[in-house]
Each structure stands twice: as structure tokens, then as C-alpha cells.
Amino acid sequence: MKLIKLTMKYFGPFEHEVIDFRTLNNKLFLISGKTGSGKTMIFDGIVTALYGSPSTKGRDEESLRSQFAPVDSPSEVQLIFEVKNKQYIVKRVLKYKKPGNKSETPAKAVLHGPDGNIIAGKLTDVRQAVEDIIKLTREQFRKILILPQGEFKELLVSSSQEKQDILRTLFQTERFLNFEMKLREELKAKGQETDKLDTKIHESIKQLHTEDVEITRQEEFASHQDIVIYLDKISDQYKKKLLNLEVDGKKKSEEYNQLSDALIKKQDHNEQVKELERYKAQEQDINTKKSQMEEYRTLIDDYDKVSEIKYELQRRIELVKSIDEHKNNIRSSKKSIKSYQDDLAGLKKSLDSYYQDEAQMKDREKIFYQNERFLGEDYQSLNDEIKQVTDKINELNDKSALLKDDIESKKNDYEKIEIDQEALFDIKSKIQNKDHELTALKRDLDESKKIETYTEEKEELKSQLGKNYGYLSELREELSQFSKEFNSYDDDTFATINHLIAHLEVGIACPVCKQTVLDLPEGGLLSEEDKVTFNQLQDDIKKTEETNQKLVNRMDVMEELLRDNTLQPSAVIKDQVASNEEKLAKLNEEYQKEESRLQAKNKLQEEITSNENAYSDLLRDEDKLKNELKILKEKHKDFTTKTNFDNYQELSDFMDKERASIMEFNEAFTKYKDEYSQKNSDLKVEETKQSALVDNKVALEKEDKTISQTIKAFKNAQDIKDDSVLYRLINDKTISDKKKELKAFDEEYASVTRQIQLLEDKVESLEIFDLTKDQEHLETSKVALDQLREFYGSIKTRQETNDKIKDYLTTLIDDYGRSHKYYLDLKELVDAVQGKLGYKVSLERYVLIYYLERILDLANYRLLSMTNHRYKLIRSTKKSNRYSGLDIEVFDYYNNQSRNINSLSGGETFQASLVLALALNESLQEEAGGIQLDTMLIDEGFGTLDQETLEVAISTLIDLQTTGKTVGIISHVEELKLRMENILTVIPENGRSRTKIHSL
């Protein structure tokens, strides 16, 4: 972490102070200033900005607010700091109470990230975010980065538990604690898993079936091996039971099968007799359709014969129709060809006329396209542009002439003004010196007025004391009058006696002598009136003495304030102020005159430079316009030469007429050519079509002749005279249904006849058997067999259930063995990590001890050098509880023994604390555990060191700074001021303080 900039407003003695640490980063610097000036308040500002509370113990938030802060203005502190090359801004407004409000205005805080966005906006959120960024809490920050006054040694002498909290955060050893927690959680989970497996084993045993076999039910076992033996016994018993049931079932099944076969045989006989009777009745029905089916058979035979020429008959009809259509199409095609030929003759005459004019039109079209480029807007306004550019050139000529004359005039005026720069600088130096002198005089004047006020107050105090001493003498004289009647008593004794009498009562023991009081003096030693007077005198004396004491105290303050006064009287200083103000006014007047002449000359120089630039711009613009005019004239010349027109409008009108004429010719010429081409194409298509029609007609007539001969031959062979007979047969739509009906009749007749013959061969007699008794015997046998099978099935099911439970239990027992072994191994590991084995040291504590010993090794490298090899820091091996082991002792080589760290002297403690803090920083940097410790601030402690040790400490800090760290120290040791190249000085002024950074 690096400090960038600290801003404090109404914070401690600072009204509005900004400290820029960038000039001090990576350096060793001293924070110097008088006692009470606010040096430590800078540390408080840093810690308050980050964490919301100061670094100094016992200093609350209210004490941070400046006494001179306006009642309606809050106290604020802002810190810009850098972590891992990213800058953050944290700002806090302290709580305060506005006048007239019953409650306090609450504190506020906001934290901005590197991109300027707000990371947190609430007090607790800001504090948490800062801790996450810096990786340190406030207490850890105070112990490592900022070492406050009087608390420098806290890290050294902190308890083992406190060191654990610090080192755990810095070195991120929570991961070892988390590792231990995960192991414990895993151990717990594995123990629960093992217990669940054991519970499942015993619950599964309860589900075993033993009700069908002769075996004693058992649920408690000495070991899992006994469970396996128990499972095997149950399995063997069920196997024997099932074997016996299988033998009984086989006998019952054979008996049932015999009865079933006999009954089935009789049933088959009865069914065959009934079926024979049904087929004979069906045969009679079939014979009634026989004559009709024979007629169908004859008709179908004739149809099949004619079907041989079915294609020829149908094709002949199609051919006659197609030949007629072709004749009609041929006649139509001849008419179309004649029409196309007439149209083509007319179109050819028109085209010949256009072909004669085509060459002339091509020449006109070429000239048109050459002139078309001159029809743009740039040529349309060409004459106007030439005139405008010419006018602009003339105008620029006039302006440049005037500007040139003005430049020469101003140069002459500039040369006339002469300025003595050295004299002007000398006057300015005198003004600054006089101003500083006047400021000092005014400050002295204010101080002189205060001194005179203190002097007047002192004289008034002397006068008042004189009066009070006289009055006090009068009071004491009056008091002595009361003791004249009691010559044997002095004034004090007299007062004591009266006080005692006032507190005595008759019948009550005296508090002094313990004797019972029998009576009291009449009115005591004094009357009631005297008592009142006496008490009043005593009160007046006491009040006067107290007043005198206050006056004396105030006198002491005034004398202290006036003791070192060397100032002149305020009237003298006031005259000096007036004289200096008059001299300063004259110097300012003289300076203003020279300054105004210098300003006038500078103004002329600026105007000359501006005019010269403008003159150059005019010349440049004029050249540019001349070039533009030349281009425009050349363009105009090209226009007249190529077009033979001087006027753009004449060219435009000519081009419009020419464009229309060319377009009309081309459109008409193209139209005639397209029509001629299309007609010629249509004629060729039609001629091709006619030729194809003629060829197709010839082919169709030839095919018709062949098919007619085939049909004629068939008719002669079948002795058929009329074609209508053939077409009636071939077009009969019922033939297909009659074929199906005839086929179904033949198949049914053949099937019935065959079935009757088969049944007559099988049936021995036509008698029907009675089956009632056979069915009763069979049903009785079936019931007995089903009952036996059902019982066997239930036994088999329970056996299979037992087998599944046995397999499941075997798996559970194996899983339990592996889980229990893993649990025991894991428990041994957890005990070791928790420090229950061996040296009784947990894993995290072991790592922390390693880090601490490494820090001590780094610290001892410097401590031995500082103490001339007398002291060495060691880790205490004494064990008082489970949290011990991180305490630090010091080994004294002079006495060759270790002793308590608190036995070191103040200077020795500072040395040990310093080297320990430096070692911690270095160790963290080596570890690179996510925490950057680029800064260390130390408050006091160097005054306890002798000269030699001081030299070693300073050298140590310089060495540390050369590694890139920023090291700041607060000290009143003069030697440090001489040795330091960078000093942040806190300067008190009139109850307020400001800071200044000096670097050599």
C-alpha cells in the first residue's frame, strides 16, 4: 500500500490541509514539529480515513474535530492510496452537532474505486471494503504499517493468541484451518456414512423370511461374519423346502394331465360329429347354385378369347380419332404460314428504309455523346463563376494594400516605445520585498496589540489583588474579635469548638470522648446572632482567598505571555506600517505605469503579427483565386471549341432536340427489327410443326391399317360377323365380379366335399358322449394342483427375496468394511492435523510457528548488529495452554540465558520492536501473499537510543528505504533532522497548523 494524498478539513489543528505524499514515496522522511503541533494527528487522519477511528488509543472521534471549526461546517478527511498499482479514494465526514439540533449529524463515508465508481457508501461497508483491499484490519494496520506513539512495542509483547490473529491474516494461513475444518467435516460425514451402513445391515436382517423353514430367528450378531453364516443357513433350508414341493407337484401334474387327455378326446369326438352334420347341410346349399355358375363359366371363356385382341380394339378407336385431329391441324397450320409470309414481306420494306438512314444517324449520335459532357452544372454557371472570381481578386488586392500600409504604421509606433526590463524587474522585486516586510509588520502589530492588552490586564489584576488583600485583612481582624472572650483559644480552635457544640445532643455519646452528653452550654460558646456573623465571616474569607488564587494564576499566565516580549509599542509599529504602505503604493504606481507601457508594446506586437499573418493569408488566397480563374477560362475555351456554341442555353436546347430525334429513330428501328425477327422465328416454328403433323398422320394411318387386318383375321377365326359383338364383350364391366363369384363357388364346393370325406374317415360312430363326470374329476384335480403351485410360488418368492437381501447385505458388509477402514485412517489424520498426536501442535499453529521463526531470523540479523551481539529474539517453547507457542523471549548472550521480553529497557524494547516490524514487512514481501506493505510510519522511540544505536537504527531504515519502501518517522531527536534529506514539517500558527515538505 502506498499513500498518495491526505486531505484534512477542520481535523485536529488542521483547518484545510493537503499533504501530497508522492514526493515522499519510496523515501525515508522525518515528520518534524513542536510538541502539540499535530504530528501524530497526521497518522490519526490516515487511519481515520481508512477505518473510521484514529490510530491513537484513547482518542475518540469527537476529539478529532478542530476547536476552531465553524459550528455549521463538518470535519472531513480524505485519503488517496494505491494498492497493486490501482488508486482508491476514501472520504469520511465525522459526526458533529449543529447548533439548534437535538441530535448529532451522523458520520458519512464513501469509497471510490480505480474507475471512479463508488465501491461502498455506508460506514460498515466502507470499512469492510478497505479491509478487503488492504488485507488488514485496523488493529493489524496499527501493529504493522503505522506504529503509534506509546504502542510501538505492542507486536513484540502481544500475546500468543494476538500474534496468531495477526500472522493468520498476513500469511493467509486460514487455508490450513479451512483444510482442518474440511477434514473434520469429511470425518464426520464418513462416520455418519459408516453408521448408516451398519443401520442398513441390521434393518435388512429384519426383512429376512424364516416363517417357512425350521430355523430360530436372530437379529443380534457378534460380528458381520456371523450374519453371513446365518444367511447361508436360511438359504439352505429354503432350497430343501422347494425340492420337496417340486416332487409333490410333479405327481399332482401327472394325475391332472391324464384326466385332461381323456376329457379332451371325448370332446374332440363330439365336435367332429357336429361338424360333419354342418358340412353336409352346406353341401346341399351349394348344389342349388350350380346351373348359374355354369352360365358364368361360358361367358368368361368368350371374354378371355376376345381379350386376345383387346389392345387392338381399343387402339383402333384412338387411331381414328387422332388421324382426324391431325388433318384439321394441318389445314390450320397452312393458313398460319401464309399469314406469316405476308407480314414478313411488309416488314422488310420498312426495314430497308431504316437501313439506308442508319449511317447518317450514327454520325449524329456520336456528335451528341461528345457534346453531352458539357451539359453539367459546372458549365452552366461557368461565365458567372469567371466574373465572381475576377471580382474577388480585385477585392483582395484592395484589402492587401490597406493591410500593408497598416503594418508599416504599427511597426513605426512599436519602435518608438522603449522598455527597460531590468528596471521593471527591479521594481517588482522591491514590491515583493516591501509586501513581505509589510506583512511581517502587520503580524508584529497584531502581536504588539495583544501584548499591550495582556499588560493592561496584568495591571488590572495587580490593582484587584491589592484591594482583595486589604479586604481580606479587614475580615480576619473582625473574626479575631470573637476570640477575645476566649483568650486561651486561637482562632482555629475557637471555630472547631463551635462546630463540635453544634453537632452535640443531650443523652447521645460525644463523638470525640465517647461520654454521654448530660447538658450543653447555653447557646454554645456563641449566641445565635454571633454564630450567623461568625459563619458569614468565614465564608467571605474563603471566597476572597479563592478569588485571589484565581487572580494569581491569571497573573502567572500574563507574566508567561509577556516574558520574552521584544516588540516595539503598537503606535510605533503602526507608523511603520503606514510608512511602508505609502512606499508600497508609490512602487505599485510606478510599476503600473511601466507595466501599461509594456502591455501597449506587447499589444502592438500582437497586432503586427496578426496583420502580417492576415496579409500572408490574403496573398495566398489571391494566388489561389488566380489559379482558379485560369482553370475556368481554359474550361470555357474548351467548351466553345468542342461544341461550336458560345452560349450554354443554345447548346442545351440543341441537345434536347437531337436527343429526342435519335431516341425516336432508334426505338422505331429496333421495334421493326424485333418484329421481323419474331415473325421469321414464328414462321419457322409453324413450318416445323406442319411437317411433324404430316409425318405423324402418315404413321397413324399405317398403324391403323395393320390393326384393322389383325381384327379382321380374329373375326374370321371366331366366325364373328359384327364388330359390335367384340366391343360388347370387351366392355362388359361385370366380368371381374363374375370371375370372383365363380372362383369362390368352386373353392367352397371343393372344400366342403374334402371336409366331409375327412370327417367320415375320422368318426367311428355318430354317438354324442356325456362329459359331466369327467369335467368334475378334472376340476377337483386342477384345484389341488393350483393350490400346490400357489404355495410353491409364495415359497419361491420369499426365497428370491431372501437371496436379494443376502446379496444386498453382502454388498453392505463389504462397503462397511471399506468405509470403516477409511474412517479410522481419516481419524488418525484429523488427530494429527488438530495437534492431538506427537508434539500436540496443530497444522496451522505449526505453519504460524514456521513464519514466526523465519521473521525472528530476519529480525535477529539487525538486532544482533544493533546490540553488539548481545540480544537475540527467540520463540518461547514454554506451553501454558493450547494457544501458546507464539510468545517471544529475548536471549541474552552476556548471561547465556533467555528472559521475558518485558525485562528489556525502553531503548532495547524500541530496538527489538523496530527490527521485528521490519522483518515482518520483509517476510510478507517474500511470501507475496496478496498483501503489499510499501509503507511504514513510526511515531517516537528514537529518543531512547544512545548515539551508536541511533546510527545503526537510521542506517537500518535507510537500507529499508532503498528496497522501494516509504518510511516515515516522528521524532524530536535533533540528530535525525540533520541526517534526513526529506522532512515533513508541521508548523503551528495561532492555534492552527500547516505542513510543508522540504527535500534536499
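Residues numbered from 1 in each chain as written. Predicted model: local features only at pLDDT ≥ 70, side-chain atom pairs only at ≥ 80, totals over all residues. Heavy atoms only, no water.

1. Some points on the pattern of salt bridges
- Under the counting rule described, the total for this entry stands at 42 salt bridges.
- Between R315 and E318 there is a salt bridge whose closest N-O contact spans 3.2 Å. Highlighted residues: R315 and E318, both in helix α9 (residues 310-371), separated by three residues, approximately one helical turn.
- Between R315 and E703 there is a salt bridge whose closest N-O contact spans 2.9 Å. One end of the pair, R315, is in helix α9; the other, E703, is in helix α16 (residues 648-718), with 388 residues separating them in the sequence.
- Overall, the relative accessible area of 26% leaves E703 in the partly exposed class.
- Salt bridges here are not isolated pairs; linked through shared partners, they connect E211, D212 and R798. (Salt bridge = Lys/Arg side-chain N within 4 Å of Asp/Glu carboxyl O. Helix = DSSP H or I, 4+ residues; strand = E, 2+ residues; numbered from the N terminus. Buried < 20%, exposed > 50% of the residue type's maximum accessible area, 1.4 Å probe, protein only.)

2. Structural notes on the side chain of E686
- Looking at where E686 falls in the secondary structure, it is placed in helix α16.
- Among buried Asp, Glu, Lys and Arg side chains, E686 stands out as unpaired, with K689 the closest opposite charge at 4.3 Å.
- A polar contact of 3.1 Å, which involves the side chain of E686, links it to the side chain of S333.
- Once residues lying within four places of it in the same chain are set aside, the contact partners of E686 are S333, S336, I337 and Y340. (Lys, Arg positive; Asp, Glu negative; His and termini not counted. Polar contact = N/O pair within 3.5 Å; in protein donor to acceptor, adjacent residues only side chain to side chain. Contact = heavy atoms within 4.5 Å.)

3. Observations regarding the side chain of E658
- Relative to the helices and strands, E658 resides in helix α16.
- With residues up to four places along the chain from it excluded, the contact list for E658 reads R364 and F368.

4. Looking at the UniProt feature "coiled-coil region" (unreviewed entry) in the chain
- Within the UniProt annotation, "coiled-coil region" (unreviewed entry) is assigned to residues 259-299, 323-492, 534-642 and 735-762.
- Across residues 259-299 one finds 95% helix and 0% strand; the C-alpha atoms that close the span lie 59 Å apart.
- End-to-end, the C-alpha atoms of residues 735-762 are 41 Å apart, and along that stretch the chain is 100% helix and 0% strand. (UniProt positions renumbered as here; feature names shortened; annotations may be inferred.)

5. Regarding the environment of K449
- Summarising the element assignment, K449 is placed in helix α12 (residues 421-480).
- As a C-alpha pair, K449 and A571 span 122 residues in sequence and 9.2 Å in three-dimensional space.

6. A look at the sheet that holds strand β10 (residues 888-892)
- Strand order in the open sheet formed by three strands is β9-β10-β11, and the pairing between neighbours is antiparallel. The sheet terminates laterally at β9 (871-875) and β11 (897-900), the two strands that pair on one side only. Between one strand axis and the next, the sheet turns by 40° as a mean value, whatever way the strands run.
- In this structure, β9 lies alongside β10, joined through five bridges in antiparallel fashion. Bridge assignment links K872 to a residue of β10, and that residue is F891.
- Helix α20 (residues 843-866) rests against β9 and β10 of the sheet, and its axis sits at about 180° to β9. (Pairing = 2+ DSSP bridges. Axes fitted to C-alpha atoms, helices over the stretch in contact; angles between N-to-C directions.)

7. Observations concerning the packing of helix α8 (residues 290-306) against helix α18 (residues 735-762)
- Relative to each other, α8 and α18 sit at 130°, their axes nearing to 10 Å. Our classification of the angle between α8 and α18 gives oblique. Of the two elements, α8 crosses α18, and the hand of that crossing is left-handed. Judged by residue contacts, K290, M293, Y296, R297, L299, I300, Y303 and D304 of α8 engage I735, K738, K739, E741, L742, F745, D746 and Y749 from α18. (Parallel < 35°, antiparallel > 145°, perpendicular 65-115°, else oblique. Left-handed = near helix turned anticlockwise from the far one by under 90°.)

8. Points about the domain arrangement of the chain
- Each assigned domain of the chain is listed here: domain 1 (158-171 + 840-927), domain 2 (172-285 + 781-834) and domain 3 (293-376 + 649-751).
- The centre of domain 2, based on its C-alpha atoms, is set 87 Å off from the matching centre of domain 3. (Domains from an automatic or database assignment.)

9. Some words on the nonpolar core
- Formed by 91 residues in total, the largest nonpolar core has its most connected members in M1, I42, I46, L50, L79, F81 and F141.
- Grouped together as the second largest cluster of nonpolar side chains are 24 residues, F368, L629, F639 and I662 included. (Core = buried A, V, L, I, M, F, W, Y, C linked by side-chain atoms within 4.5 Å.)

10. Quick notes on the pairing of strand β3 (residues 28-33)
- Burial analysis of β3 places six of its six residues in the buried class, the great majority of the element.
- What you see with β3 is no split at all: L28, L30 and S32 on one side and F29, I31 and G33 on the other are buried throughout.
- When β3 meets strand β13 (residues 966-970), the two strands line up parallel, connected through four bridges. The partner of L28 across the bridge, within β13, is V967.
- Of the pairings in the sheet, the one linking β3 to strand β14 (residues 982-989) comprises five bridges and is parallel in character. The residue bridging S32 from the neighbouring strand is T985, located in β14.

11. Overview of unusual backbone geometry
- A positive phi angle, close to 55°, is found at K84, a residue other than glycine.
- Structurally, K84 is set in the loop between β4 (76-83) and β5 (86-93).
- K84 sits in the partly exposed class, given a relative accessible area of 45%.
- Non-glycine residue N896 carries a positive phi angle of around 55°.
- Within the secondary structure, N896 is located in the loop between β10 and β11.

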